[in-house]
Structures are given as structure tokens and as C-alpha cells.
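Chains, contacts and geometry: an overview
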Amino acid sequence: MAPVYLFTGFLDSGKTTLIKDTLNDPGFMEGTDRTLILCFEQGENSYDEKFLDEHNAFIEFFDASTELTPEKMHELDTIYHPDQVFIEYNGTEVVSETLLKEMPPFWPLVQILTTVDATTFELYINAMRSMLFEQLRWSDTIIVNRCTPDMSGSMLRGNIKAINRRAQIYYEGAFGEPVELKNGLLPFDINADVIDISDDDYGLWYMDAAENPDKYDGKTIIIRGMYAENIPGYKQTFVLGRRAMVCCAQDTSLCGITVTNVKIWEMQIGDWVEVEGKLKTIPVEGGGKTVVLYADRIARYEKPADEYVTFS
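Residues numbered from 1 in each chain as written. Predicted model: local features only at pLDDT ≥ 70, side-chain atom pairs only at ≥ 80, totals over all residues. Heavy atoms only, no water.

To continue, consider a negative patch on the surface. Taken together, Asp 48, Glu 49, Asp 53 and Glu 54 make up a surface patch of like negative charges. Structurally, Glu 54 is set in helix H3 (residues 49-54). Given a relative accessible area of 55%, Glu 54 falls into the exposed group. (Patch = residues over 30% accessible without salt bridge, like charges linked within 9 Å, V, L, I, M, F, W, Y side chains within 5 Å. Areas by Shrake-Rupley, 256 points an atom, 1.4 Å probe, with all protein chains shown as cover. Salt bridge = Lys/Arg side-chain N within 4 Å of Asp/Glu carboxyl O. Lys, Arg positive; Asp, Glu negative; His and termini not counted. Charge placed at Lys NZ, Arg CZ, Asp CG, Glu CD. Helix = DSSP H or I, 4+ residues; strand = E, 2+ residues; numbered from the N terminus. Buried < 20%, exposed > 50% of the residue type's maximum accessible area, 1.4 Å probe, protein only.)

Okay, structure coming up:
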């Protein structure tokens, strides 16, 4: 049985470099003798014969994902008898159902890793969101490389987490070293007597609160959003939120928070409201915590011109 690691990302985003670094990692390679690389595109960085020989790695090139059928995988397994398989995928192709669900038992898919070039991320998320969505949606690990300290961590993290909340994200500099991005500095004062979250900052606040709920326990806050959902069985509680574009305007996810201590019978789903109150952390089923807003004041709020969440 050879575990399969799928590497996705745009051309020249660092996939080949990541694969080479992995092959050079003694800890990862311990107990592994033969590696088969299936390459669907060739960027500026490539594999030379000396490198492949030194790492007992073998490479096969493909023009399209449709060529990698179960029959082809069986053939390659018979020829190479690999201990592990690395697939360097074409970033312009959608990850196929074969790779996600129909891998043969002798080649189980164990991890999906995506490389992101931080220098082009904002351009791609604005101009080619649907393509970036397909790269990130299934990822277990996302490596954001070529970062510089002046880049906005909130913009990068927020947009990625809106697409894939479960992925682990790592930020690296030009040479693979860890980098500390600006904005541990959030665009609001978390130590203010009342934290007033503007429309533009809702997404950044929401992601920070989701990842660090204890930081907001006991804080008084003002937030604005839509009365999005009822919670069955609760007469004074609803979900307030705003929608984030995941792929396109027709494909959105709700960034919502539970609000309690309100007269929901005086509102309708779809109403926009401003709520002031105190945040409290509570445990959630399966482990972890979340924040709930105990309202002291609620008022009607005019729907903003841009109702979608942003992370910049």
C-alpha cells in the first residue's frame, strides 16, 4: 500500500519546491524507499535526473487528469512498486472525483496540500476566485509562501478560511522560513470598553473570534448583520450573520454568531440589525468553544451597499 499526497496550486506557486523539500526531509522520508511522482505540469523549478536518483524517486508526466484512471494507477503500481506517491496537479484543473473518492485501496489518498503565492493571492482571489476555490476547498494543509512582513495576515487568512475553515495554514518567506505578518494588528481596538465592529471589519472580527474565542470572553461589542436563522426550540435566540463569497455570488457561506436575550417575534428573517451586548464563550459539541452574544440593545440597521463579508 502506497499513501498518496496530492499537491495543488497555480503554476509556479511552489509545488515542485515543496515536493523537493519533502523528499529532503529525513523525518518524513524515514522508512520510505521508493517515491513515484506523477507530474501534471512543469514550472520554472523542475526535477533533474541526479536529484531523482539520489532520492530513489521516479517520475511520470501526464497532460490531463483524465489520463490517471484506476487502470493506469494499477499499471504504475506494478511497474514501480512505490512506497509513496506524490501527485503534482495542474492548478487550472478541478480536483477530480477519481482523486477524491475513487482512489484504489493500494493507493489511498491521505493528504491534500496546496501552495499559494502570497504576492499574487489578492489578484487571484479578486479575478479568479472560482479557480482558487477549487484549489483550496479540499486542502488539509495550505502553505502560503513568498510572504513579506508587510503583507496582511488577516486578508490572507480570512479569504482562505472563508473557503476552507478546517485547513491548517502555514506562512513562509521567500526561502521557506517562517514569517510574522503584520496584523496581529486587527483594525479595531480589542481592549476598548466597547468594541465597535464596522461593516468592513466584520469578516476579520468573525474569523478572529472563531479561532480565538477566549480572547473575547466578557467583552462588550457592537456588531451589525442580518437576522439569518432561527434556532429551533429557542424563543429569544437567533443567528446574526453576514455572507462571505466562497466561490461566486451564487455560492456563499454564512459567517454567523448566536445572539440571545432578544424579542425575535418583533423581527423577521432577512432584517438587518445592530446589536450591542456582552460576548461569552461556551463549549461546543465535539470539543472546542464558540462565542455567544448576550444582547443588551438591538435596533434596526440599514442594509449596507455591500452586504458581503470581506477580509482585508
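So that's the structure; there's more coming.
Turning next to empty space enclosed by the protein. In this structure the tally under the stated criterion is 1 cavity of 30 Å³ or more. Here the lining of the largest cavity is composed, by residue class, of 2 nonpolar, 4 polar and 2 charged. (1 Å grid on protein atoms, 1.4 Å probe; cavity = no way out; pocket = protein on both sides within 12 Å on 5 of 7 lines; lining within 4 Å. Points joined across faces, edges and corners; volume = space filled by probe spheres on them. Nonpolar A, V, L, I, M, F, W, Y, C, P; charged D, E, K, R; others polar.)

Our next topic: the sheet that holds strand E4 (residues 84-88). Here we have 7 strands laid out as an open sheet, ordered E3-E2-E4-E1-E5-E6-E7, and parallel in their pairing. Both outer strands of the open sheet, strand E3 (57-61) and strand E7 (168-171), are each paired with one neighbouring strand and no more. Averaged over neighbouring strand pairs, the angle between their axes works out to 20° when direction is ignored. Bridging between strand E6 (residues 141-145) and E7 involves 4 bridges; their strand directions are parallel. Note that in E7 the partner of Ile 143 across the bridge is Tyr 170. Against the sheet, helix H1 (residues 15-23) touches strand E1 (4-8), strand E2 (35-39), E4, strand E5 (109-117) and E6, its axis set at about 165° to E4. Contacts from helix H6 (residues 118-127) reach E5 and E6, with the element oriented near 90° to E5. (Pairing = 2+ DSSP bridges. Axes fitted to C-alpha atoms, helices over the stretch in contact; angles between N-to-C directions. Contact = heavy atoms within 4.5 Å.)

So, on to the pairing of strand E13 (residues 289-300). Note that strand E11 (residues 251-260) and E13 share 3 bridges and pair parallel. Paired with Thr 258 across the strands is Val 292, a residue of E13. In terms of strand pairing, strand E12 (residues 272-283) meets E13 through 11 bridges, oriented antiparallel. Within E13, the position partnered with Ile 282 by the bridge is Thr 290. Where E12 folds back on E13, the antiparallel hairpin that results is connected by 5 residues, among which Gly 286 adopts a positive phi of roughly 90°.

With that out of the way, let us pick up the layout of surface pockets. In this structure, the largest pocket occupies an estimated 300 Å³ of space. As for the largest pocket, its lining consists of 17 residues, of which Tyr 206, Gly 256, Ile 257, Thr 290 and Val 291 are closest to the centre. Mapped by element, the contributors of at least two residues to the lining of the largest pocket are helix H9 (202-211), E11 and E13. In terms of residue class, the lining of the largest pocket is built from 11 nonpolar, 3 polar and 3 charged.

The N-to-C vectors of helix H8 (residues 153-163) and H9 enclose an angle of 75°; their axes lie 10 Å apart at closest approach. Taken together, the axes of H8 and H9 lie roughly perpendicular to each other. Residues Ser 154, Met 155, Arg 157, Gly 158, Lys 161 and Ala 162 of H8 touch H9, and the partners they reach there are Leu 204, Met 207, Asp 208 and Glu 211. Grouping the constituent residues of the contact of H8 with H9 by class yields 4 nonpolar, 2 polar and 4 charged. (Parallel < 35°, antiparallel > 145°, perpendicular 65-115°, else oblique.)

In total, this model carries 15 salt bridges according to the counting rule given. Among the ionic pairs, Arg 146 bridges to Asp 117, the shortest N-O distance being 2.8 Å. Remark: Asp 117 occurs in strand E5 and Arg 146 occurs in the loop between E6 and H8; sequence separation between them is 29 residues. Look at Arg 146 and you get partly exposed, because its relative accessible area is 31%. For Asp 117, a relative accessible area of 12% puts it in the buried group. Between Lys 289 and Asp 214 there is a salt bridge whose closest N-O contact spans 3.2 Å. Of this pair, Lys 289 sits in strand E13 while Asp 214 sits in the loop between H9 and strand E9 (220-230), placing them 75 residues apart in sequence. Among the residues examined, Lys 289 registers a relative accessible area of 44% and is labelled partly exposed. Here the salt bridges do not stand alone but share partners, grouping Asp 196, Arg 224, Glu 274, Glu 276 and Arg 297 into one network.

A separate point is the nonpolar core. With 33 residues, the main nonpolar core has Tyr 202, Trp 205, Tyr 216, Phe 238, Leu 240 and Ile 257 as its most contacted residues. Those elements giving two or more residues to this core turn out to be H9, E9, strand E10 (237-248), E11, E12 and E13. If one sorts the elements of this core by residue count, H9 sits on top with 6 residues. Beyond its immediate stretch of four places on either side in the chain, Trp 205 contacts Phe 188, Ile 197, Tyr 216, Ile 221, Ile 223, Ile 257 and Leu 279. Of all hydrophobic cores here, the second largest spans 22 residues; its members include Ala 118, Leu 136, Val 144 and Val 179. (Core = buried A, V, L, I, M, F, W, Y, C linked by side-chain atoms within 4.5 Å.)

With that settled, consider the pairing of E7. Burial of the side chains of E7 is restricted to one face: Ile 169 and Tyr 171 are buried, whereas none of Gln 168 and Tyr 170 on the reverse face is. Assessed by its sense of winding, the connection that carries the chain from E6 through H8 to E7 is right-handed. (Right-handed = clockwise from strand over helix to strand, strands pointing away.)

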